[in-house]
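Close look at the chain arrangement
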Amino acid sequence: MKKILSLILKPFRFFKIHHYLTFVAIIAIGVFNFETTLDPKIQQLRQEKDIQESFDKWWLEERAQEFKNVGLTPDEKIKAQEFELYKERYKVENPTPIIEDRIEEMKGEFLEWWENQGGKEQYAAEHGSFPTDKQYEAELKKWINKYTDKFIRYRWAYIPSRGNTESLLTCSLLIPSIWSFIFFVVIFMFTLMQLEKRWNALFVYAYAIVIAIISGFFVDLLVNTSFFAQFATERYMGVSLMLCFLLGANTFDKEKGSIPSYICKISEFALVASMAIDWFLNPGIFNAVAVESPFFFALGGVAGYFMPHRVEESTQQSTAVAQKAEDSVAPGERTRNMISKGLEAANNGENENAVRLLQYGFTALLKEEPIKFQDVKDAANKIAGCYAEFPSTQWIEWGATAKQKNIPEAAIALLEKGITKEKDENLLRRAHFDIAELRIQTKADVNAAMEHLEKVIKEKDDDKLAEQAKKLMEEGRDILVKQAYAGPKKFKVTN
């Protein structure tokens, strides 16, 4: 035990007073992030416990007796069904505390209010003109922002599409994941103690603060490009780019041999580790951060060159690392550029060129590992809405692949496009069945799913597919009955 404790405490033997203060500040940031991240999840656990407790009390005091009064035995099956209905009603009155899940619910609520409860008319009365789709998106975004601004992890983060530049002062206090935090603790203390051997500690802190603030501007520039535009609405936070800058400064020195080779190798390895964490473990916008990491590493190298100077060999190493990072994202970038060019060609009436680009691009997108669900969904909707003329079999093939990859929204859009032109009865029936199955699984317009199933059975009602369709119709009817029993949801535009 003493040996283990000695190994743990060994690094602290080299600490000075400001190292301890820095370490305490970092741990405080970690505790703050831990609390703000887990608080919604803790609330959800409490909510689930409250649902169970309140249901049990209601069941014992009221509901079970109601079944007995009409001559039914309130067994476990009935109790389980009642619990599901009770839970649905409870969640209508008490929305989920998980922010991301609540945002998705709010999108549906806002659409319902906009289309069916006077939202469009209210907008027209207030602005003197009927709203366009773009204005709808703007109003939806404002409404959601009012909700998310209540939470520190959204209010303090920098969101490029909002241009909330004041958040550049606070976004570095938020850490995107536990892996990023662990990496931050280790690498920042490492670079601080190494750079102090050449620089005054105040220079290290000054560089760290300045780079943490301006890094958001560079992320903003990158997400304005077509490849990363999809991330413009996401939150940028953390200090990955600041760490890459310090690692670059820690690697390069003008005086040859002044930095041990193992320190350079550790710094280069840390750069790759930082990029891997942002690319594979952190979501969305951090892919852009990973791409910019080599640039900040090189920028730090320039600082290391002049305070004091770096060796020429280290410059070549930095360039090689940066080039390696660019090569790692090239295939994905080519795929998305191909889709973007194909959509542009379709809008310009260049059908042959559009079909060629979109066919190769979207097929490649569906084959990516790991699959980018949102990319596929967005691309499928755009391609389905453009003017490129594909054979019906291509739409159905794409839809089947999207279904296999578990992207139901994309699969439905593609399959519905395919059935409008398909003539082969077998392919058509299968596509109708797949659309219905996906709609019932996701409970997305179950009535439409029933219509698709009726077409499957109408063509042939005695084969295996028809039997499956009949079973699926029973499942669909159960869902419709439950929805009817729960009663209509009245939505209100509140946060």
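Below is a summary of the structure that appears in this document. (Residues numbered from 1 in each chain as written. Predicted model: local features only at pLDDT ≥ 70, side-chain atom pairs only at ≥ 80, totals over all residues. Heavy atoms only, no water.)

This part takes up the pattern of salt bridges. In this structure the tally under the stated criterion is 20 salt bridges. Ionic pairing is found between Asp149 and Arg162, a salt bridge with its closest N-O pair at 3.0 Å. Linking Asp149 in the loop between helix 6 (133-148) and helix 7 (152-155) with Arg162 in the loop between helix 7 and helix 8 (178-195), this pair joins segments that are 13 residues apart in sequence. Its relative accessible area of 27% is what places Asp149 among the partly exposed residues. Between Lys403 and Glu437 there is a salt bridge, with its nearest N and O atoms 2.5 Å apart. Residue Lys403 is located in helix 16 (residues 392-404), and its partner Glu437 is located in helix 18 (residues 425-442); the two are separated by 34 residues in the primary sequence. On the basis of relative accessibility, which here comes to 19%, the residue Glu437 falls in the buried class. (Salt bridge = Lys/Arg side-chain N within 4 Å of Asp/Glu carboxyl O. Helix = DSSP H or I, 4+ residues; strand = E, 2+ residues; numbered from the N terminus. Buried < 20%, exposed > 50% of the residue type's maximum accessible area, 1.4 Å probe, protein only.)

Take unusual backbone geometry next. Between Glu369 and Pro370 the backbone carries a cis peptide bond, its omega angle lying at -5 degrees. Examined against the element boundaries, Pro370 turns out to sit in the loop between helix 14 (351-367) and helix 15 (373-384). Non-glycine residue Lys443 carries a positive phi angle of around 55 degrees. As for its position among the elements, Lys443 is in the loop between helix 18 and helix 19 (446-459). The phi dihedral of Asp445 is positive, around 60 degrees, even though this residue is not glycine. By secondary structure assignment, the location of Asp445 is in the loop between helix 18 and helix 19. A relative accessible area of 45% places Asp445 in the partly exposed class.

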